[in-house]
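# Architecture at a glance
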Amino acid sequence: MSTKINFTIDGKNCSADKGMFVLGAAQKNGIYIPSLCNIEGLAPRGSCRVCTVKINGKLMVACSTPVAEGMKIENETEELHDLRKQIIELLFVEGNHLCPSCEKSGNCELQALAYRLKIMAPRYPYQFPVREIDASNPKLIKDHNRCILCKRCIRAIQTDDGKNLFAFKQRGCKLTINIEPSTSAAITDEIATKAAKICPVGALLKKEVGFVQPIGHRLYDHLPIGNTASLNIISSREKDTNT
């Protein structure tokens, strides 16, 4: 039998099952906390820190913090809004995203969060790193310019026999996520499609498929990220990807 936990978010009384994390518990109560690395159904990693909230006065990551009785959670504050903006701005200047030419534009969570947070231009200087585009895999293109190292692909995509298709390469500021050549040599269309869907940006693109959805029909053309309807669509996509 589940045990209900009672807590508040921005003063609103909420409840959730014991064991739920703050991010999921908020969503169950109709409250949106932004995140980029979290995937419903997989253990959280707290990689992107976009879901940072204030719990009982302390900054904590919502995706990996279990709800507890009496928690007082702050989500929609100027401080947290600016903190999230800084993270998103840093992700933009650290890579080469070039949204207008990206096939994921309109379906990109990073882009949608920038719109939600009303980012007009980053406060930090662009780094314009020199990065490769890996088209060696028969089914997927890996564009390192757009990768935000969220680790979704590493965590969610495996072969039928449980081998990872994606792996870290190098360390520190040179860290990249690469397609594992030996396990992905015979990648199926189904797995390639799942990998492209699980990527929150345009770092993973399926070959021979481009700009399928015209402008006006993309996920965030009419529904801003965090909208209840878009949350349901994303949740449905992630469930499909995890099956």
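Above this text you will find the structure in question.
Attention here is on the structure that accompanies the text. (Residues numbered from 1 in each chain as written. Predicted model: local features only at pLDDT ≥ 70, side-chain atom pairs only at ≥ 80, totals over all residues. Heavy atoms only, no water.)

## Re the packing of aromatic side chains
Considering all chains together, one arrives at one aromatic pair under this definition. Measuring from ring centre to ring centre gives 5.5 Å for Y126 and F128, while their planes differ by 25°; the resulting arrangement is stacked. The class of Y126 is partly exposed, set by a relative accessible area of 43%. (Phe/Tyr/Trp six-rings, centres within 6.5 Å; stacked < 30°, edge-to-face > 60°. Buried < 20%, exposed > 50% of the residue type's maximum accessible area, 1.4 Å probe, protein only.)

## Remarks on the sheet that holds strand β7 (residues 140-143)
The antiparallel open sheet is built from three strands, whose spatial order is β6-β7-β10. Looking at which strands have only one partner, the edges of the open sheet turn out to be β6 (133-134) and β10 (204-206). Pairing analysis gives two bridges linking β6 to β7, with the strands arranged antiparallel. Bridged to I133 within β7 is D143. Lying on the sheet, helix α5 (residues 189-198) is in contact with β7 and β10; it crosses β10 at an angle near 140°. (Pairing = 2+ DSSP bridges. Helix = DSSP H or I, 4+ residues; strand = E, 2+ residues; numbered from the N terminus. Contact = heavy atoms within 4.5 Å. Axes fitted to C-alpha atoms, helices over the stretch in contact; angles between N-to-C directions.)

## Concerning the side chain of N96
Take N96: it is sitting in the loop between α2 (78-94) and α3 (109-116). There is a polar contact of 2.8 Å between the side chain of N96 and the side chain of N145. Apart from residues no more than four positions distant in its own chain, N96 is found in contact with F128, P129, N145 and R146. (Polar contact = N/O pair within 3.5 Å; in protein donor to acceptor, adjacent residues only side chain to side chain.)

## A few points about the side chain of R218
Checked against the element boundaries, R218 lands in the loop between β10 and α6 (219-222). Its relative accessible area of 17% is what places R218 among the buried residues. Engagement of the side chain of R218 in a polar contact is seen with the backbone oxygen of S105, the distance being 3.1 Å. In this structure R218 touches S105, G106, N107 and Q213, once residues within four positions along its chain are discounted.

## With respect to the nonpolar core
Among the nonpolar cores identified, the biggest contains 41 residues, and L36, I88, L110, L140, I157 and F166 are the most heavily contacted of them. Sequence-distant contacts of I88, that is, excluding residues within four places in its chain, are made with L36, V50, L110, L113, A114, L117 and I119. Residues A25, I55, C63 and M71 belong to the second largest nonpolar core, which totals 20 residues. (Core = buried A, V, L, I, M, F, W, Y, C linked by side-chain atoms within 4.5 Å.)

## What to know about the pattern of salt bridges
This model, assessed by the stated rule, comprises 12 salt bridges. A salt bridge links K54 to E79; the shortest N-O distance between them is 2.8 Å. A residue pair is termed long-range when its members are at least 10 positions apart, and K54 in strand β3 (residues 52-55) and E79 in helix α2 qualify at 25 residues. Of the residues examined, K54 reaches a relative accessible area of 17% and is grouped as buried. (Salt bridge = Lys/Arg side-chain N within 4 Å of Asp/Glu carboxyl O.)

## Examining the sheet that holds strand β4 (residues 58-61)
Strand order in the open sheet made by the five strands is β2-β1-β5-β3-β4, with mixed pairing throughout. For this open sheet the edge positions go to β2 (12-17) and β4, each flanked by a neighbour on one side alone. The average angle at which neighbouring strand axes cross in this sheet is 40°, direction not considered. In this structure, β3 lies alongside β4, joined through four bridges in antiparallel fashion. Across the sheet, residue V53 finds its bridge partner in β4, namely M60. Across the face of the sheet, α2 comes into contact with β3, β4 and β5 (72-74) while running at roughly 155° to β3.

## Brief notes about the pairing of strand β9 (residues 176-179)
In β9, alternate side chains face the same way, and those of T176 and N178 on one face and I177 and I179 on the other are all buried. Judged from the four bridges that link them, strand β8 (residues 166-169) and β9 form a sheet pairing that is antiparallel. Paired with K169 across the strands is T176, a residue of β9. Joining the antiparallel neighbours β8 and β9 is a turn of six residues, in which Q170 adopts a positive phi near 65°.

## A word on the environment of F166
Along the chain, the position of F166 falls in strand β8. When its relative accessible area of 1% is taken as the criterion, F166 is described as buried. With sequence-adjacent residues up to four places away left out, F166 is seen in contact with L140, C153, I154, I157, I177, N178, I179, E180, A195 and L204.

## Observations concerning α3
Judged by how many residues are buried, α3 sits mostly within the fold: six of eight residues are covered. Burial in α3 covers these residues: E109, L110, Q111, A112, L113 and A114. Contacts from the buried residues of α3 go to α2, α4 (152-156) and α6. With its phi angle positive at about 60°, K118 sits one or two positions after the end of α3.

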